[in-house]
Amino acid sequence: MQPIESTFSVPPFPAFPSVSRYVPLGSVQETLNRVCRSIDAREGVALVLGPPGTGKSLTCGLLADRYRESHDVVVLGDTPIKDSMAFQRHLLHRLGVNFEGTDASDLHLALIDRVCDTDSPQGGLLILVDEAQSLCTEVIEAIRMATNSMREGQPRVFAVLCGKVTLEDTRVSTAMEAVSHRVSTR
């Protein structure tokens, strides 16, 4: 009997996002360039919108790979996030912060302490959200609030929201006016 590793081969064009097989061409590369310029310019929020199969998840993977050395990178989208407290707990958990015993009202402060700490990566925190259209307005607002974190006059948190075109409908609603003003790249 052969081990599964030797019998499994990834096709040249897999049905899942494969960063290792990415070829820098077309709309995904253009999107990647625009979003990277936004992150490098220390702008708040970037949106990546498109129908299924257009490379949104691949873009998240490529961004995570590119910024892993200079930023704390947190990729969300694999589990539902129902409210702002759940969002903050997810971030703190992924950043390795022990928030056990922290009052729910202090979760945001714990996040600010972590991202503004002088021991945190120079680039700050990059939040990548795949399937962002599934987020409620409260969580999207919590992401915007996180991008307000500053140290020595420099922003410390950046976010890229990747989702279906329905995310645009949520963004332009009156409840999301503050988020709309923070979006730098779309």
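Residues numbered from 1 in each chain as written. Predicted model: local features only at pLDDT ≥ 70, side-chain atom pairs only at ≥ 80, totals over all residues. Heavy atoms only, no water.

A. Representation of the overall build of the protein. Looking only at helices and strands, the protein has eight helices and seven strands in total. A burial count over the protein gives 44% of its 186 residues as buried. Sequence-distant contacts in the protein: of pairs separated by 6 or more residues, those separated by 24 or more amount to 73%. Here the protein displays about 10300 Å² of accessible surface, and carbon together with sulfur accounts for 53% of that area. (Helix = DSSP H or I, 4+ residues; strand = E, 2+ residues; numbered from the N terminus. Buried < 20%, exposed > 50% of the residue type's maximum accessible area, 1.4 Å probe, protein only. Contact = heavy atoms within 4.5 Å. Areas by Shrake-Rupley, 256 points an atom, 1.4 Å probe, with all protein chains shown as cover.)

B. Focus on unusual backbone geometry. Even without being glycine, R42 reaches a positive phi, approximately 65 degrees. Inspection of the secondary structure puts R42 in the loop between α2 (26-40) and β1 (45-49). Taking the relative accessible area as the measure of exposure, R42 reaches 24% and is therefore partly exposed. The phi torsion at E152 lies on the positive side, around 50 degrees, for a residue other than glycine. Note on E152: relative accessible area 76%, which makes it exposed.

C. Representation of the nonpolar core within the structure. Ranked by internal contacts, the top residues of the largest apolar core, which has 30 residues, are F87, I127 and L161. For this core, the secondary structure elements donating two or more residues are β1, β2 (72-76), α4 (84-94), α5 (107-116), β3 (125-129), α6 (137-146) and β6 (157-163). Among all residues touching L161, those that are not within four sequence positions of it are V45, A46, L47, V48, V129, A132, I140, I143 and L167. Core analysis: the next-biggest nonpolar cluster, separate from the first, contains 19 residues, L62, A64, L128 and C162 among them. (Core = buried A, V, L, I, M, F, W, Y, C linked by side-chain atoms within 4.5 Å.)

D. Region of the structure containing α4. Residues S84, A86, F87, Q88, H90, L91 and L92 constitute the buried set of α4. Turning to α4, the residues buried within the fold contact β2, α5, β3 and α6. A distance of 3.2 Å separates the backbone nitrogen of M85 from a side-chain oxygen at the start of α4, and that oxygen is part of D83. (Polar contact = N/O pair within 3.5 Å; in protein donor to acceptor, adjacent residues only side chain to side chain.)

E. The pattern of salt bridges, seen in detail. Tallied over the full model, the rule gives three salt bridges. Linking R94 and D78 is a salt bridge whose minimum nitrogen-to-oxygen distance equals 3.0 Å. Highlighted residues: R94 in helix α4 and D78 in the loop between β2 and α4, separated in sequence by 16 residues. The exposure class assigned to R94 is partly exposed, which follows from its relative accessible area of 34%. Here R144 makes a salt bridge to E141, at a shortest N to O gap of 2.5 Å. In this pair, R144 and E141 are both assigned in helix α6, three residues apart and thus about one turn of the helix distant. (Salt bridge = Lys/Arg side-chain N within 4 Å of Asp/Glu carboxyl O.)

F. Structural context of α5. Within α5, burial applies to L107, A110, L111, V115 and C116. Residues of α5 that are buried make contact with α4, β3, α6, β4 (150-151) and β6.

G. Representation of the environment of V45. As for its position among the elements, V45 is in strand β1. For V45, a relative accessible area of 2% corresponds to the buried category. With 113 residues separating them along the chain, V45 and F158 place their C-alpha atoms 6.0 Å apart.

H. Main features of the packing of α4 against α5. In the contact formed by α4 and α5, the axes pass within 9 Å of each other and the chain directions differ by 30 degrees. Judged by the twist between their axes, the crossing of α4 over α5 is left-handed. Between α4 and α5, the residues in contact are M85, Q88, R89, L91 and L92 and L107, H108, A110 and L111, respectively. Across the contact of α4 with α5, the residue classes break down as six nonpolar, two polar and one charged. (Axes fitted to C-alpha atoms, helices over the stretch in contact; angles between N-to-C directions. Left-handed = near helix turned anticlockwise from the far one by under 90°. Nonpolar A, V, L, I, M, F, W, Y, C, P; charged D, E, K, R; others polar.)

I. Region of interest: the environment of R114. Note that R114 resides in helix α5. Sequence separation between R114 and G96 is 18 residues, and the spatial gap between their C-alpha atoms is 9.7 Å. Here R114 is in contact with D72, L95, V97, S120 and P121, once residues within four sequence places are set aside.

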